[in-house]
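Reading the structure
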Amino acid sequence: MEKAKKIWLDGELVGWDDANVHVLTHTLHYGLGVFEGIRCYELDDKRSAVFRLKEHIDRLFDSAHIVELDIPFSREKLCSGVIETIKINTLRECYIRPLVFLGDGSMGLFPKNNPVRVAIAVWPWGAYLGEDGVENGIRVKISSFTRQHVNVNMTKAKVCGSYVNSIMAKREAVSCGYDEALLLDTEGYVSEGSGENIFFVKNGQIKTTPLTSILRGITRDCVIELAGYNGIEIKEERFTRDELYTADEAFLTGTAAEITPVREIDGRVIGEGKPGVVTRKLQSAFFDIIRGRLDKYEGWLQYI
Ligand code: PPE
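As the structure is a prediction and not an experimental result, all values here were calculated from the model.

**Looking at the layout of surface pockets**
- Size it by volume and the second largest pocket reaches roughly 330 Å³.
- Taken together, 19 residues make up the lining of the second largest pocket; nearest its centre are Glu131, Val134, Glu258, Phe287 and Arg291.
- Those elements that provide at least two residues to the lining of the second largest pocket are strand E4 (38-42), strand E6 (94-102), helix H4 (131-136) and helix H8 (277-290).
- Examining the composition of the lining of the second largest pocket, we find that 5 residues originate from one element, H8, more than from any other.
- Among the residues making up the lining of the second largest pocket, the classes are represented as 9 nonpolar, 3 polar and 7 charged.
- Both domains that meet at the lining of the second largest pocket, namely domain 1 (6-123) and domain 2 (131-290), each give it at least three residues.

**Some points on the nonpolar core**
- If you look at the biggest cluster of nonpolar residues, it comprises 37 residues, and the most contacted ones within it are Val50, Ile71, Leu78 and Ile96.
- Contributions of two or more residues to this core are made by strand E1 (6-9), E4, helix H2 (53-66), helix H3 (75-88), E6 and strand E7 (116-123).
- Residues lining this core come from more than one domain, with at least three contributed by each of domain 1 (6-123) and domain 2 (131-290).
- If near-sequence neighbours (up to four positions away) are discounted, isoleucine 71 is found in contact with Leu60, Phe61, Ala64, Leu78, Val100, Val116 and Val118.
- If you look at the next biggest cluster of nonpolar residues, it comprises 24 residues, including Ala49, Phe199, Cys222 and Phe251.

**A word on the site of the ligand**
- Around the ligand sit 22 residues, and of these Tyr95, Tyr128, Tyr163, Thr219 and Thr255 come closest.
- Between the ligand and glutamate 192, the relevant distance is 2.7 Å, taken from a nitrogen atom to a side-chain nitrogen or oxygen of the residue.
- Surface burial for the ligand is 93%, taken as the share of its 550 Å² of free accessible area covered by protein chains.
- Of the residues in the shell around the ligand, the class split is 7 nonpolar, 9 polar and 6 charged.

**Section: the domain arrangement of the chain**
- When the domains of the chain are assigned, the result is domain 1 (6-123) and domain 2 (131-290).
- Inter-centroid distance (C-alpha atoms) of domain 1 to domain 2 is 26 Å.
- Facing 22 residues of domain 1, the contacting portion of domain 2 comprises 20 residues.
- Roughly 1800 Å² of surface becomes buried between domain 1 and domain 2 when both sides are summed, with 65% attributable to carbon and sulfur atoms.
- The interface formed by domain 1 and domain 2 contains 3 salt bridges.
- A salt bridge links arginine 39 to glutamate 258, with the shortest nitrogen-to-oxygen separation between them at 4.0 Å.
- For the pair domain 1 and domain 2, the interface holds 11 residue pairs in polar contact (both at pLDDT 80 or more).
- Looking at the side of domain 1 that touches domain 2, the elements with two or more residues in it are strand E3 (33-35), E4, H2 and E6.
- Element by element, the count of residues in the side of domain 1 that touches domain 2 is highest for H2, at 6 residues.

**A closer look at helix H5 (residues 163-175)**
- Spanning 13 residues, H5 covers 18 Å between terminal C-alpha atoms, matching the ideal 18 Å at 1.5 Å per step.
- Looking only at H5, the buried set comprises Asn165, Ser166, Ala169, Glu172 and Ala173. On an axial view of H5, the arc spanned by its buried residues comes to 135°, and they lie on one face. Looking at H5, the residues exposed on the side facing more than 90 degrees away from the buried face are Val164, Arg171 and Ser175.
- Of the surrounding elements, those touching the buried residues of H5 are strand E8 (138-146) and strand E9 (180-184).

**Brief notes about empty space enclosed by the protein**
- If you walk through the whole model with that rule in mind, you get 2 cavities of 30 Å³ or more.
- Space inside the largest cavity adds up to approximately 60 Å³.
- Split into classes, the residues belonging to the lining of the largest cavity amount to 4 nonpolar, 4 polar and 2 charged.
- In this structure, the second largest cavity occupies an estimated 30 Å³ of space.
- Around the second largest cavity, the lining residues are Glu249, Ala250, Pro261, Val262, Arg263, Ile270, Gly273, Lys274, Pro275, Gly276 and Thr279.
- Taken together, the elements giving at least two residues each to the lining of the second largest cavity come down to strand E14 (249-254) and strand E15 (258-265).
- Looking at which element gives the most residues to the lining of the second largest cavity, the answer is E15, with 3 residues.
- Here the residues of the lining of the second largest cavity sort into 5 nonpolar, 3 polar and 3 charged.

Criteria and cut-off values
Throughout, residues of each chain are indexed from 1 in the direction in which the sequence is written. With pLDDT at 70 or above as the cut-off, local features in this predicted model cover only qualifying residues; side-chain atom pairs require 80 or more to be listed or tallied, and sums for whole chains, interfaces and linings still use all residues. Note: side-chain values were computed over all heavy atoms of the structure, leaving out hydrogens and water. Of the grid points, spaced at 1 Å and generated over the protein atoms alone, those admitting a 1.4 Å probe that cannot get out make up cavities, while open sets with protein on both sides within 12 Å along at least five of seven lines make up pockets; any residue with an atom within 4 Å of a point is treated as lining. Grid points are joined across faces, edges and corners, and a volume is the space filled by probe spheres set on the points. Secondary structure elements follow DSSP: runs of H or I of four or more residues count as helices, runs of E of two or more count as strands, with numbering from the N terminus. When residues are grouped by polarity, Ala, Val, Leu, Ile, Met, Phe, Trp, Tyr, Cys and Pro land in nonpolar, Asp, Glu, Lys and Arg in charged, and all others, Gly among them, in polar. Where each domain starts and ends comes from a domain assignment, either automatic or drawn from a database. Here, nonpolar core means buried Ala, Val, Leu, Ile, Met, Phe, Trp, Tyr and Cys residues that are tied together by side-chain atoms lying within 4.5 Å of each other. Between buried and exposed lies partly exposed: a residue is buried under 20% and exposed over 50% of the maximum accessible area for its type, with that area taken using a 1.4 Å probe on protein chains only. Only heavy atoms enter the contact rule, under which two residues are in contact if any of them lie within 4.5 Å. Think of it this way: one heavy atom of a residue within 4 Å of a molecule or strand is enough to make that residue near it. Polar contacts, as counted here, are pairs of nitrogen or oxygen atoms within 3.5 Å of one another; within protein the pair requires one atom able to donate a hydrogen and one able to accept it, and residues that are adjacent in sequence qualify only if both atoms are side-chain atoms. Surface accessibility follows the Shrake-Rupley procedure with a 1.4 Å probe radius. Residue values consider only the protein chains on display as shielding. Defined here as a combined quantity, buried area equals the accessible surface (1.4 Å probe) lost by two parts on assembly, summed across both. In what follows, salt bridge is the name for a side-chain nitrogen of Lys or Arg lying within 4 Å of a carboxyl oxygen of Asp or Glu. Any helix carries an expected span of 1.5 Å times its number of residues minus one. Here the arc refers to the directions that run from the helix axis out to each C-beta atom.

Have a look at this one:
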């Protein structure tokens with residue numbers, strides 16, 4: 001990972017190597033923390049803009065609310081913290097990781113006075129599933145691990161501890177020679193990737209998982225909006241893995257993964273085994289937006 005110069009920690013900018021915590025930091029032991037993943041892009045006109053910053057910070061506050069972490073900063077302060085951190089690091093394009101965690105103090109499962117701490121780190125991060133993945137599509141495996149039951153871990157909150165499930169699924173998929181894992185929900189319906197939402201296309205119509213066991217992805221929201229704008233029918237409806245096997249096209253969405261086509265699932269070739277027409281159309285609309293080429297969606301860009 002490529003280091004940047006400074007990290008925003010509890011309201012102060014500190015050196016990258018000085019952004020440290022005590023080993024008794026509560027979140028480190030029990031996983032109760034929440035985070036976000038945001039991207040800042042360089043536009044065609046050479047300005048930089050953070051993509052859907054407000055929505056990401058709102059989701060951070062929702063996540064914190066769900067797990068009862070009281071963020072000691074306002075939304076505005078964190079938005080300006082993000083901008084400030086990008087500027088001081090002189091990065092034109094980067095990934096942004098705000099993290100809300102419980103500091104050290106007491107141990108055990110009923111922490112009382114541990115401080116709620118906030119960090120914002122930024123670093124250059126290229127294509128999450130590889131340049132080739134974005135171009136030509138990736139190979140996905142249905143995981144033997146199940147997505148958390150909606151009453152086990154809160155799936156609408158982006159909670160640190162929930163990612164143990166994702167990491168196990170991802171490692172399993174990679175060790176089996178695949179690029180990414182796709183998890184089913186506790187009833188056996190398709191849920192989401194280790195760090196992405198899933199869509200598929202059949203006969204010109206798109207389907208995606210409804211907001212049950214999945215994270216309410218902001219890229220997912222962009223795709224739903226863009227499909228509507230392009231007159232493509234889109235349904236949020238449960239579906240099974242075999243429905244996916246027989247799809248014409250499939251793709252994953254996420255801040256890190258952006259829009260990554262899926263060319264194979266469990267050894268079955270999807271459609272023609274390469275990114276399909278609908279996927280390409282949505283992908284290019286998405287890339288146009290983040291590069292500042294589509295005025296209609298300028299509101300999604302926060303210039304820095
Ligand atoms: N589901 C999960 C489980 C998830 O982690 C993400 C984002 C999404 C869906 C898509 O959400 P959105 O980014 O708002 O479109 N995953 C983040 C974490 C990646 C990481 O490895 O860390 C991300 O893409 O930033």
